[in-house]
Amino acid sequence: MSSQTPSPGPVPASSGGERRKPRVAVVFGGRSSEHAISVVTAGAVLRAIDREKYDVLPIGITADGRWALTADEPERMAIANRELPSVERLAESSEGSVVLPVDPGNREVVYSEPGAVPKALGDVDVVFPMLHGPYGEDGTLQGLLELSGVPYVGAGVLASAVGMDKEYMKRVFVSFGLPVGPYEVIRPRAWEQEPSAARQRIVEFAEEHGWPLFVKPARAGSSFGISKVEGPADLDAAVEEARRHDPKVIVEALLRGREIECGVLEYEDGPRASVPAEIPPVSSHTFYDFEAKYIDAADGIVPAPLTEEQTRRVQELAVAAFEAASCEGLVRADFFLLDSGEFVINEINTMPGFTPISMYPRMWQESGVSYPELVDRLLEAALRRSTGLR
């Protein structure tokens, strides 16, 4: 018996045999602290999908995990007057739920409300998961889609999990010979049962690598829960802030240099790298945090002012990171260009932001791939792939 479920191909047939457009379920929101950014990203993707080529079904996941049917209204999914959007505001019902079948032979999505007969919404041919953070970008949703036999955009279960967990991401990179910066991991039991010993480990790490250092949730994104710690007095508060987002905490040494990003996109013949971008220092923020990224919209420099050799090197490292983590579809790889001239990889993001100000689409725009073409390439790549072992 084959372990793979065949992809439906770009032009599936309906039950009556006539050809129809592939149907894309855009899934967004979710239970992580990046809920609002996921909604914003999905709005941008909904605007970009070619409606002459695809049918679209927007599905939002509320902060408490309910799958909700939402209106196809991207204009309501943007940050307006510094107010963040949510699935709860977009849902067509406060109680209705969308259900994906966990059956590779059945791709029909069903919608149900209390006291009403369930309604079939039709087959889904491919899912565009716009979820950021845990419970979506970390392999959990990807596992559900594998069980359902539905192709999806982006990394599979393993790569998604590795890309979400900064500790194991770094371990994978080190095993492949990629350069990473110094780090220390504080696991939940260590902080909960022996906080003094865990605190001392961080202090000794700082004595070796210097203050300040960064304290982060090990499995979160969009710069949530990150603190720049100048000394021991601020350490406990920083760890507790990180633990609000993830019980596992990672501590990283400050790397002095320039912040460089590079996009990777899967083509028919393999992954290719975009022109890189540079994130300049933001004078109103101590580092590139959530407010700088999404509210105050710090402008990245695209392409980054690098030498040809530096550009070639960071592109090679970005593709190498994509391959090391067994990624598919897309990745944004983030680096530091140290004062010594060495590139150090900070992290990869297997589902980078697609907001209008996001760096990933901007880098590909500068590389000759427009935003709508980028979305189309990702959907086509997903439809070409099978689920299961590959």
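Residues numbered from 1 in each chain as written. Predicted model: local features only at pLDDT ≥ 70, side-chain atom pairs only at ≥ 80, totals over all residues. Heavy atoms only, no water.

### Some thoughts on the pairing of strand β12 (residues 257–267)
Which entries qualify depends on this criterion: The buried label applies to any residue whose accessible area, calculated with a 1.4 Å probe on protein chains only, is under 20% of its type's maximum; exposed applies above 50%, and partly exposed to all values in between. Counting from the N terminus, the helices are DSSP H or I runs at least four residues long and the strands are E runs at least two residues long. When DSSP finds two or more bridges between a pair of strands, those strands are recorded as paired.
Within β12, eight of the eleven residues are buried, which leaves the element mostly enclosed by the surrounding structure. Two strands pair when backbone bridges link them, and β12 and strand β15 (residues 330–338) are joined in this way by nine bridges, in the antiparallel orientation. Across the sheet, residue G263 finds its bridge partner in β15, namely R332. With three bridges connecting them, β12 and strand β14 (residues 277–279) associate as antiparallel partners. Looking at the pairing, E261 lines up with A277 of β14. Pairing analysis gives four bridges linking β12 to strand β13 (residues 270–273), with the strands arranged antiparallel. Counted as the bridge partner of Y267 is G270 from β13.

### Quick notes on empty space enclosed by the protein
Threshold: Put simply, the grid is 1 Å and covers the protein atoms alone, a cavity is a trapped set of points that fit a 1.4 Å probe, a pocket is an open set with protein on both sides within 12 Å along at least five of seven lines, and lining residues have an atom within 4 Å of a point. Grid points are joined across faces, edges and corners, and a volume is the space filled by probe spheres set on the points. Note that Gly is not counted as nonpolar here; it falls among the polar residues with everything else outside the nonpolar set of Ala, Val, Leu, Ile, Met, Phe, Trp, Tyr, Cys and Pro and the charged set of Asp, Glu, Lys and Arg.
Scanning all chains against the criterion turns up three cavities of 30 Å³ or more. In this structure, the largest cavity occupies an estimated 90 Å³ of space. Around the largest cavity, the lining residues are E34, E137, G163, M164, K166, M169, A220, G221, E347, I348 and N349. Elements with a minimum of two residues in the lining of the largest cavity: α4 (157–164), α5 (166–175) and β16 (343–349). Ranked by the residues each element gives to the lining of the largest cavity, the list is headed by β16, at three residues. Grouping the amino acids of the lining of the largest cavity by side-chain chemistry returns four nonpolar, three polar and four charged. Estimated volume of the second largest cavity: approximately 50 Å³. Forming the walls of the second largest cavity are P129, L131, G136, E137, Q142, V153, G154, A155, S160, T350 and M351. Taken together, the residues that form the lining of the second largest cavity break down as five nonpolar, five polar and one charged.

### A word on the layout of surface pockets
Keep this limit in mind: Residue ranges for the domains originate in an automatic or database domain assignment.
Roughly 250 Å³ of volume is contained in the second largest pocket. Forming the walls of the second largest pocket are 15 residues, and the residues nearest its centre are P134, Y135, R219, H245 and D246. The residue makeup of the lining of the second largest pocket, split by class, is six nonpolar, three polar and six charged. Mapped onto the domain boundaries, the lining of the second largest pocket takes at least three residues apiece from domain 1 (23–152) and domain 3 (183–253).

### Here's the deal with the packing of aromatic side chains
Threshold: Pairing of aromatic rings covers Phe, Tyr and Trp, the last through its six-membered ring, and needs centres within 6.5 Å; plane angles under 30 degrees mean stacked, over 60 mean edge-to-face, and all others mean tilted.
Applying the stated criterion to the full structure yields five aromatic pairs. Residues F128 and F354 carry aromatic rings whose centres are separated by 6.4 Å and whose planes lie at 85° to one another, so their mutual orientation is edge-to-face. Here the residue F128 occupies a position in strand β7 (residues 126–129), and F354 occupies one in the loop between β16 and α11 (359–366), the gap between them amounting to 226 residues. By the burial criterion, F128 is buried, and F354 matches it. Taking the centre distance of 6.3 Å and the plane angle of 80° together, the rings of F335 and F343 count as edge-to-face.

### Points about the nonpolar core
Rules: Residues enter a nonpolar core if they are buried and are Ala, Val, Leu, Ile, Met, Phe, Trp, Tyr or Cys, with the set joined through side-chain atoms within 4.5 Å. Residue contacts follow a heavy-atom distance rule, with two residues in contact if any of their heavy atoms lie within 4.5 Å.
By size, the foremost hydrophobic cluster in this structure holds 36 residues, and its most contacted members are V26, F128 and F354. The set of elements that each furnish at least two residues to this core consists of β1 (23–29), α1 (35–48), α2 (87–90), β7, β12, α11 and α12 (371–384). With seven residues, α12 is the single largest residue contributor to this core. Of the residues that make up this core, three or more belong to each of domain 1 (23–152) and domain 2 (164–179 + 256–384). Setting aside residues no more than four positions away along its own chain, V26 makes contact with A42, L46, I49, V56, L57, P58, I59, F128 and M130. A318, A325, F335 and I345 belong to the second-largest nonpolar core, a separate cluster that totals 27 residues.

### As for the environment of A197
Within the secondary structure, A197 is located in helix α7 (residues 195–209). Through-space distance from the C-alpha of A197 to that of G270 is 46 Å; in sequence the pair is 73 residues apart.

### Some thoughts on the sheet that holds strand β10 (residues 227–229)
Rule in force here: An axis is simply a line fitted to the C-alpha atoms; with a helix, the fit covers only the stretch in contact. Between two such axes, the angle follows the N-to-C directions and lies from 0 to 180 degrees.
Taken in spatial order, the four strands line up as β8-β11-β9-β10 in an open sheet, and their pairing is antiparallel. Looking at the sheet topology across the chains shown, the edges are occupied by β8 (183–186) and β10. Sheet twist, expressed as the average angle between the axes of neighbouring strands with direction ignored, equals 25°. Taken strand by strand, α5 contacts β8, β9 (213–217) and β11 (249–253), and its axis lies near 50° from that of β11. Sheet strands touched by helix α8 (residues 235–243): β9, β10 and β11. Its angle to β9, the strand with the most contacts, is close to 30°.

### Things to note about the pattern of salt bridges
Worth spelling out the cut-off: We count a salt bridge whenever a side-chain nitrogen from Lys or Arg sits within 4 Å of a carboxyl oxygen from Asp or Glu.
Applying the stated criterion across every chain, the model contains 31 salt bridges. The shortest N-O distance in the salt bridge between E252 and K216 comes to 2.6 Å. Placement of E252 in strand β11 and of K216 in strand β9 is noted, with a sequence separation of 36 residues between them. With respect to burial, E252 and K216 carry one shared label: buried. Among the salt bridges present, the one from E266 reaches R385, with a minimum N-O distance of 3.0 Å. Within this pair, whereas E266 is found in strand β12, its partner R385 is found in the segment after α12, the two being separated by 119 residues in sequence. Within the structure, one salt-bridge network assembled from shared partners comprises E146, E266, E328, R385 and R390.

Everything listed here is a matter of coordinates, which is why it stays silent on function.
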